[in-house]
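Given next are the chains, with one letter for each unit.
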Amino acid sequence: AQKVTQAQTEISVVEKEDVTLDCVYETRDTTYYLFWYKQPPSGELVFLIRRNSFDEQNEISGRYSWNFQKSTSSFNFTITASQVVDSAVYFCALSVDSNYQLIWGAGTKLIIKP
Amino acid sequence: ETGVTQSPTHLIKTRGQQVTLRCSSQSGHNTVSWYQQALGQGPQFIFQYYREEENGRGNFPPRFSGLQFPNYSSELNVNALELDDSALYLCASSLMAGSIQRDSPLHFGNGTRLTVT
């Protein structure tokens with residue numbers, strides 16, 4: 001069975017601090033896809049990144065970076081120099097097929113204080 | 001580019017009633033997926049529709065059913081509502097070719113907040 005664990009229920013940091021959100025996944029499939037989504041209070045899920053299991057390169061997009069490590073089944077997300085607008089619930093998700101029928105973690109609520 | 005739109009935004013129903021939620025997919029997308037998100041939890045996959053047919057289903061009972069129309073819009077129907085059905089229902093669209101997702105992420109709507117009393 002597949003599972004995604006986001007152990008951090010809530011994180012609170014002061015603006016400009018760096019923060020890392022953890023994601024650990026479980027699957028026996030060799031081909032799979034990992035995602036991060038952001039959910040602001042409005043409720044809409046905003047796509048941040050997709051990574052397939054054959055691409056272990058870390059990715060950086062502005063202040064956001066992702067560290068994918070198959071050896072530890074982790075796909076962690078770091079925000080550098082956090083801003084108040086980064087406050088949201090962040091979800092990590094897994095799909096073991098090409099249909100993107102996603103299995104989601106419970107989410108991490110990130111609070112950035114001014 | 002028109003995004004994913006869902007209606008209604010909020011809905012209050014009584015236990016035992018039936019409800020229909022609607023979703024218009026993003027232009028150019030042909031696949032719709034529905035998710036249920038209970039308060040404080042991650043979304044749970046309900047089902048996916050592709051070419052007007054169900055293309056995968058999560059662990060939800062048959063009283064959760066859906067439709068996809070030729071214009072790729074979709075409906076989620078829930079019969080015999082239970083209190084535990086209270087949740088945010090999210091619709092996501094994407095583009096599939098054959099049975100494979102094209103290189104595009106799922107695009108989500110703002111959801112319908114359903115309250116069952």
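Predicted model only: the values in this text are computed from it and were never measured. The residue count restarts for each chain, going from 1 along the sequence in the order it is written. Chain A is the first chain written and ligand 1 is the first ligand written, with later ones labelled in order. Only residues with pLDDT of at least 70 get local features here, since the model is predicted, and only at 80 or more are side-chain atom pairs given and counted; chain-wide, interface and lining totals rely on the full set of residues. With hydrogens and water set aside, each side-chain value is computed from the structure's full complement of heavy atoms.

Draft legend 1. Quick look at the overall build of chain B. In DSSP terms, a helix is any run of H or I states spanning at least four residues, a strand is any run of E spanning at least two, and both are numbered starting from the N terminus. The helix and strand inventory of chain B stands at zero helices and 13 strands. Each helix and strand of chain B, ordered N terminal to C terminal, gives the series β-β-β-β-β-β-β-β-β-β-β-β-β. Taking 117 residues into account, the globule formula puts the C-alpha radius of gyration at 13 Å, and chain B, at 14 Å, falls close to it. Considering only C-alpha atoms, chain B reaches an extent of 40 × 25 × 25 Å along its principal axes. In this scheme, a residue with accessible area under 20% of its type's maximum is buried, one over 50% is exposed, and one in between is partly exposed, where area comes from a 1.4 Å probe on protein chains only. Relative to its 117 residues, chain B shows a buried fraction of 50%. By definition in these notes, contact holds between two residues if any of their heavy atoms fall within 4.5 Å. When contacts within chain B are restricted to residue pairs at least 6 apart in sequence, those whose partners lie at least 24 apart make up 55%. Taken as two groups, the 8 positive and 9 negative side-chain charges of chain B have centres that lie 5 Å from each other. It is over C-alpha atoms that the radius of gyration is taken, and the globule rule equals 2.2 Å times the number of residues to the power 0.38. Under the convention used here, Asp and Glu are negative, Lys and Arg are positive, and both His and the chain ends fall outside the count. Working definition for charges: the position is that of NZ of Lys, CZ of Arg, CG of Asp or CD of Glu.

Draft legend 2. Here's a closer look at the pairing of strand 4 (residues 31-37) of chain B. All names here are of chain B. Burial analysis of strand 4 places seven of its seven residues in the buried class, the great majority of the element. The alternating pattern of strand 4 places Thr31, Ser33, Tyr35 and Gln37 on one face and Val32, Trp34 and Gln36 on the opposite face, and all of these are buried. Note on pairing: two strands pair once DSSP finds at least 2 bridges between them. In the sheet, strand 4 pairs with strand 5 (residues 44-50) via six bridges, with the strands oriented antiparallel. Within the sheet, the bridge partner assigned to Trp34 lies in strand 5 and is Phe47. The antiparallel pairing of strand 4 with strand 5 creates a hairpin that spans six residues between the two strands, and Gly40 there sits at a positive phi of about 80 degrees. Summarising the sheet, strand 4 and strand 9 (residues 87-94) pair through seven bridges and their orientation is antiparallel. Each bridged residue has a counterpart across the sheet, and for Gln37 the counterpart in strand 9 is Leu88.

Draft legend 3. Region of the structure containing the interface of chain B and chain A. Listed as interface residues are 24 residues of chain B and, on the opposing side, 17 residues of chain A. Carbon and sulfur atoms make up 50% of the area that chain B and chain A hide from each other, which totals about 1,600 Å². The largest per-residue losses of area from chain B upon contact with chain A belong to Pro43, Leu106 and Phe108 of chain B, which jointly make up 28% of the total buried on that side. When a carboxyl oxygen of Asp or Glu is within 4 Å of a side-chain nitrogen of Lys or Arg, the pair counts as a salt bridge. The tally of links between chain B and chain A comes to zero salt bridges. Here a polar contact is recorded for every N or O atom pair within 3.5 Å, except that within protein the pair must consist of a potential hydrogen donor and a potential acceptor, and residues adjacent in sequence are included only if both atoms are side-chain atoms. The interface formed by chain B and chain A includes five residue pairs in polar contact (both at pLDDT 80 or more). Elements with a contribution of two residues or more to the side of chain B that touches chain A: strand 4, strand 5, strand 6 (53-57), strand 9 and strand 11 (100-101) of chain B. In this classification, Asp, Glu, Lys and Arg are treated as charged, Ala, Val, Leu, Ile, Met, Phe, Trp, Tyr, Cys and Pro as nonpolar, and every other residue, Gly included, as polar. Split by residue class, the side of chain B that touches chain A holds ten nonpolar, twelve polar and two charged. Buried area adds together the accessible area that both of two parts lose upon being put together, with accessible area traced by a 1.4 Å probe.

Draft legend 4. Region of the structure containing the state of the cysteines. Residue and element names in this part refer to chain A. Two cysteine sulfurs form a disulfide in these notes if their separation is within 2.5 Å. What the rule picks out here adds up to two disulfides over all chains. The side chain of Cys23 participates in a disulfide bridge whose partner is Cys92; the two sulfur atoms lie 2.0 Å from each other. Between Cys23 and Cys92, the disulfide has an S-S torsion of -65 degrees and is therefore left-handed. On the criterion of sequence distance, the pair formed by Cys23 in the loop between strand 3 (19-21) and strand 4 (24-26) and Cys92 in strand 10 (residues 88-95) is long-range, its members being 69 residues apart. Comparing Cys23 with Cys92 shows no difference in burial state: the two are buried.

Draft legend 5. Geometry of the nonpolar core. Counting 24 residues, the largest nonpolar core has Trp36, Trp66, Phe77 and Tyr90 of chain A as its most contacted members. Within the residue set of this core, elements represented by two or more residues are strand 2 (10-14), strand 3, strand 5 (33-39), strand 6 (46-52), strand 8 (64-69), strand 9 (74-79), strand 10 and strand 12 (108-113) of chain A. The term nonpolar core refers to a set of buried residues drawn from Ala, Val, Leu, Ile, Met, Phe, Trp, Tyr and Cys, joined through side-chain atoms within 4.5 Å. Residues Cys23, Phe47, Val78 and Cys91 of chain B belong to the second largest nonpolar core, which totals 20 residues.

Draft legend 6. Representation of the pairing of strand 13 (residues 112-116) of chain B. Residue and element names in this part refer to chain B. Alternating residues of strand 13 divide into Thr112, Leu114 and Val116, all buried, and Arg113 and Thr115, none buried. Bridge analysis of strand 9 against strand 13 gives three bridges, and the strand direction is antiparallel. The residue bridging Leu88 from the neighbouring strand is Arg113, located in strand 13.

Draft legend 7. Geometry of the sheet that holds strand 3 (residues 19-24) of chain B. Residues and elements named next belong to chain B. With respect to topology, four strands assemble into an open sheet ordered 1-3-8-7, the strand pairing being antiparallel. The outermost strands of the open sheet, each flanked by one partner alone, are strand 1 (5-7) and strand 7 (64-68). Strand-to-strand twist in this sheet, taken as the mean axis angle between neighbours without regard to direction, amounts to 20 degrees. Across three bridges, strand 1 lies against strand 3 in antiparallel orientation. Among the inter-strand pairings, Ser7 is bridged to a residue of strand 3, identified as Arg22. Only the contacting stretch of a helix is used when fitting its axis, a line to C-alpha atoms as for every element, and angles between N-to-C directions run 0 to 180 degrees.

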